[in-house]
Every structure is written in C-alpha cells, then in structure tokens.
Amino acid sequence: MKIVIIGAGAMGSLYGAKLSTAEAPVYLLDVWPEQVRAINEGGITVEDAASGAAEAYPKIRAFSDAAEAGEADLAIVFVKSTLTARAVRENRAVFGEHTTVLTLQNGLGNVEGIAETLPRGRIIAGTTAQGATLLGPGRVRHGGKGKTVIGELDGSVTERIKAVADLFNRAGLETEISANVEGLIWDKLLVNVGINALTAITGVPNGELLLHEELAELLAAAVAEGEQVAGAKGVKLNIPDPVSHTREVCAATGKNRSSMLQDILAGRPTEIDRINGAILREGAAVGIAAPVNAVLHKLVTFLEKNGAGKPRRGM
Ligand code: NAD
C-alpha cells in the first residue's frame, strides 16, 4: 500500500516514520523546504519522550510537489485543520481513482474540507491519542502513546478499513475500527474544547487546569456547552461523561503543554476556529448559545493576532 502523507509536521513525521517499517513505501509532502530537505538527507529521527532513546527511520522520501510523490493508495492528511481544504486542493496530484483519504486531525470540518475536492466515499476518518512535538527539521519527539481509532463515514466495516487498520497495527500504531466515527470526532473535539483554549490563554500545562477552581469551572462549562450542542445535533458520543473524561485527560497529560499553547507561544496560527469556534457555529445552527466558548474563542483570537505576554502600548 503506497502511502502519501500531506503535512510532514509533528504527526505526519511520526506516522510516516512508523508506517515506513510496515513494508509500505511512504512519501511525505510539505510546503516547508527545510523539512523536505532534512528528511531526504537523513530520514526522520523519533525521540521517545519517556526513555529519551532516539531511533532513525531512513526509508522515507519527502517532496514539496505532489506530482513527484504521485498517486497514493492511502493519503493521510496531517496539516492543521484550518488548512485541510487548501492542502487537499494543492496536493490533488496524489489522489487517483482508487485513493483512500484518511483524516486523523483534531477539530471539526476536516471531512467536509476534504470533500470539497473528493467524493465522500473515498474518505475515512478517525482520531489519534498519539502525541508528537517537532524538535526541528527531521526530528520529532514521540510524547503520549495511545490508540488510533478509524472508521468508514457510514459505519460499515469494509475490506479497506480492515486493511488500513492491519497496516497501522503492523507498524506498531495500535489501531481499532469504530462504527461511530462522528461520535469519535466529537469525543476528541470536546476534550480539545475543554483543554486547548484555556491552557493557551493562561499559559499553564494541562494538569494545572484541575488545580485552580476558576479554570476547572471554565473547563467544565465549555465542555458542557459542547455536549449540549452535540446532543441537539443528534451526535452519539462514545464517552458517557465528557466533562469527567476531559478532567481525566488533563490528569493523564498533566505536564504537557497543549498544542494550542505551543502555537500561541511560537506566534503560529491555532486551530481555535475548528475547536471552540466549531461549537459556536454548530450551536448557532441548532439554536444553542455557547457563551463560554464564545469568550474562549475571542481571547485566543486576540492572542493569535497580538501575541502572548508582550508589553503593549500604554503599559
Ligand atoms: P504541525 O503544524 O506540526 O504540522 C503540520 C504540517 O503541515 C507543517 O509542517 C506544515 O508546513 C504542513 N503544511 C501546511 N500546509 C500544507 C500544504 N498545503 N501542503 C503540505 N503541507 C502543508 O501540526 P501537527 O501537530 O502535526 O498536527 C496536525 C494535526 O494533527 C492537527 O489537526 C492536530 O490538532 C492533530 N493532532 C496533533 C497531535 C500532536 O500531538 N501534535 C495529536 C493529535 C492530533
């Protein structure tokens, strides 16, 4: 199975490295020239966050031009969710008649973004509990290890979904198949709704959200709004109590800096519009207000535009 990964950042590099061990040719695509060059010169090095051990994965090629990678059997989209539609459009040379496209990205709207260019029948989706941080060109730190869960959009268990799950498992990426992909995406969305914006605004690691009453209350309120919107939309969540689950994730990833906090600190755009912003849009569509998410959305948008912690005029 020829694999092309669109977006060779933290997650694209991690999945690319692991999948290259499963007898599948892996090609990475990125718009970042230093990353493409580093991968072609030295492959990808994955540093294990727990042990500190580093492992090299040399059998990977990277390109900035999709035509050079050619048509994939499986294309995996790993750009930030705000860029999904554009990245699929710009890299359309990898999509042939037989290509299956997988999104494991966070946020809402990735399937829809891919479907602007490709028929929905070619798309499969899921979530990942793996965690990765890019250390520099060609180097990634593998943080939290967890399951990848994938499924067909209509919930059927097809040969292709089984083949992708088999491949991932052979590559050491523990993977399960779900019949409720929409619920999965919302389960993960609600965790991100509770953790990402609050950590980005306050600058605290995930675990600290539980240690401060004010923050713990906001976390619960933001997730509860999201849960209400999901219910009104008829989304069947797999997680029975999303607020408790989000607290558990905070505790389990206590020392981690969320990706949104990392983005704000690095002056990069965040996925706020696809996370808390998605709750606002989806809520408005079903007549549910989400005032806590509205405030979180506005504050992160302010930080995106103005940077965190910089002295401002008049101060
Ligand atoms: P990242 O910013 O490290 O990587 C994204 C890469 O996409 C960048 O290298 C960027 O140059 C590239 N890119 C942007 N536009 C492109 C285009 N048009 N064509 C090709 N490449 C393009 O992001 P990440 O941390 O790897 O996250 C990717 C997705 O996975 C996000 O939705 C994120 O929320 C999700 N996710 C991340 C983690 C994590 O631990 N990092 C965990 C679970 C889910």
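These numbers come from a predicted model, not from an experiment.

*Asks:* What should I look at first to understand the site of the ligand in this one?
*Replies:* Around the ligand, a shell composed of 26 residues is seen, among which Met11, Asp30, Asn106, Ala132 and Glu271 lie nearest. In the model, a nitrogen atom of the ligand is placed 3.0 Å from a nitrogen or oxygen of the glutamate 90 side chain. One of the side-chain N or O atoms of asparagine 91 is found 3.2 Å from a nitrogen atom in the ligand. Notes on the ligand: free accessible area 840 Å², of which the protein chains cover 85%. For the shell around the ligand, the elements supplying multiple residues, two or more each, are helix H1 (10-19) and helix H4 (84-90). Each residue belonging to the shell around the ligand can be placed in one class, and the counts come to 12 nonpolar, nine polar and five charged.

*Asks:* Is there a simple way to explain the packing of helix H7 (residues 181-202) against helix H8 (residues 213-233) in this structure?
*Replies:* Angle between the axes and distance between the axes: these two values describe a pair of packed helices. As a packed pair, H7 and H8 sit with axes 9 Å apart at the nearest point and diverge in direction by 150 degrees. When the axes of H7 and H8 are compared, the pair comes out roughly antiparallel. For the pair H7 and H8, the sense of crossing is right-handed. Contacts between H7 and H8 involve Trp186, Leu190, Val193, Gly194, Leu198 and Thr202 from the first element and Leu215, Leu218, Leu219, Ala222, Val223, Gly226, Glu227, Val229, Ala230 and Lys233 from the second. Taken together, the residues of the contact of H7 with H8 break down into 11 nonpolar, three polar and two charged.

*Asks:* I would appreciate a short explanation of the nonpolar core in the present structure.
*Replies:* Soluble globular proteins tend to bury their nonpolar side chains together. Leu29, Val94, Phe95, Trp186, Leu209 and Ile279 are the most contacted members of the largest nonpolar core, which has 56 residues in total. Counting residues per element, this core draws most heavily on H7, at 11 residues. In this view, leucine 29 contacts Val4, Ile5, Ile6, Gly7, Ala8, Phe63, Ser64, Asp65, Ala66, Ala69, Asn91 and Val94; residues no more than four positions away in its chain are not counted. Ile60, Ile124, Val164 and Leu167 belong to the second-largest nonpolar core, a separate cluster that totals 34 residues.

*Asks:* Sorry, what's going on with unusual backbone geometry here?
*Replies:* When glycine is set aside, most residues are seen to have a negative phi, and most peptide bonds are trans. Look at glutamate 23: it is not a glycine, yet its phi comes out positive at around 55 degrees. By the element assignment, glutamate 23 lies in the loop between H1 and strand S2 (26-29).

*Asks:* Explain the environment of proline 205 to me, please; I cannot follow it from the model alone.
*Replies:* Its place among the elements puts proline 205 in the loop between H7 and H8. In this structure, the C-alpha to C-alpha distance between proline 205 and leucine 261, residues 56 residues apart in sequence, is 8.5 Å. When sequence neighbours within four positions are dropped, the list of residues in contact with proline 205 reads Thr199, Gly254, Lys255 and Asn256.

*Asks:* Looking at this structure, how should I read the sheet that holds strand S6 (residues 74-77)?
*Replies:* Sheet strands associate in pairs through backbone hydrogen bonding, adopting either a parallel or an antiparallel arrangement. With mixed pairing, eight strands are arranged side by side in an open sheet as S5-S2-S1-S6-S7-S8-S11-S12. If you trace the sheet from one side to the other, it starts and ends with strand S5 (60-63) and strand S12 (175-177), each paired once. Across the sheet, the mean angle from the axis of one strand to that of its neighbour is 25 degrees, orientation sign disregarded. Looking at chain direction, strand S11 (residues 148-152) and S12 are connected through three bridges and run parallel. Of the residues in S12, the one forming a bridge with threonine 148 is threonine 175. Relative to the sheet, H7 contacts strand S8 (123-128) and S11, its axis offset from that of S8 by approximately 35 degrees.

*Asks:* Explain the sheet that holds strand S4 (residues 54-57) to me, please; I cannot follow it from the model alone.
*Replies:* Pairing within the open sheet is mixed, and its four strands lie in the order S4-S3-S10-S9. Across the chains shown, the open sheet's two edge strands, defined by having one partner strand only, are S4 and strand S9 (132-136). Across the sheet, the axes of successive neighbouring strands diverge by a mean angle of 25 degrees, strand direction being ignored. Across four bridges, S9 lies against strand S10 (residues 139-142) in antiparallel orientation. What sits directly across from leucine 134, in S10, is valine 140. Each of strand S3 (44-48), S4, S9 and S10 touches H1; the most contacted strand, S9, lies at about 95 degrees to it.

*Asks:* I would appreciate a short explanation of helix H6 (residues 159-170) in the present structure.
*Replies:* Note that an α-helix has 3.6 residues per turn; residues three or four places apart therefore point the same way. The end-to-end C-alpha distance of H6, which contains 12 residues, comes to 16 Å, matching closely the 16 Å that a straight helix rising 1.5 Å per residue would cover. Within two residues after H6, glycine 172 carries a phi angle of roughly 85 degrees, on the positive side.

*Asks:* Can you help me understand the pairing of S8 in this one?
*Replies:* S8 sits mainly inside the fold: six of its six residues count as buried. Neither face of S8 is left uncovered, since the one carrying Ile123, Ala125 and Thr127 and the one carrying Ile124, Gly126 and Thr128 both have all their residues buried. Here three bridges tie strand S7 (residues 100-103) to S8, and the two strands are oriented parallel to one another. Residue pairing across strands places leucine 102 opposite isoleucine 124, the latter belonging to S8. Handedness of the S7-helix H5 (residues 110-115)-S8 crossover: right-handed. Pairing of S8 with S11 involves five bridges; the strand directions are antiparallel. Within S11, the position partnered with threonine 127 by the bridge is valine 149.

What counts and what doesn't
- Residues numbered from 1 in each chain as written.
- Predicted model: local features only at pLDDT ≥ 70, side-chain atom pairs only at ≥ 80, totals over all residues.
- Heavy atoms only, no water.
- Near = heavy atom within 4 Å.
- Polar contact = N/O pair within 3.5 Å; in protein donor to acceptor, adjacent residues only side chain to side chain.
- Areas by Shrake-Rupley, 256 points an atom, 1.4 Å probe, with all protein chains shown as cover.
- Helix = DSSP H or I, 4+ residues; strand = E, 2+ residues; numbered from the N terminus.
- Nonpolar A, V, L, I, M, F, W, Y, C, P; charged D, E, K, R; others polar.
- Axes fitted to C-alpha atoms, helices over the stretch in contact; angles between N-to-C directions.
- Parallel < 35°, antiparallel > 145°, perpendicular 65-115°, else oblique.
- Left-handed = near helix turned anticlockwise from the far one by under 90°.
- Contact = heavy atoms within 4.5 Å.
- Core = buried A, V, L, I, M, F, W, Y, C linked by side-chain atoms within 4.5 Å.
- Buried < 20%, exposed > 50% of the residue type's maximum accessible area, 1.4 Å probe, protein only.
- Pairing = 2+ DSSP bridges.
- Expected span 1.5 Å × (residues − 1).
- Right-handed = clockwise from strand over helix to strand, strands pointing away.

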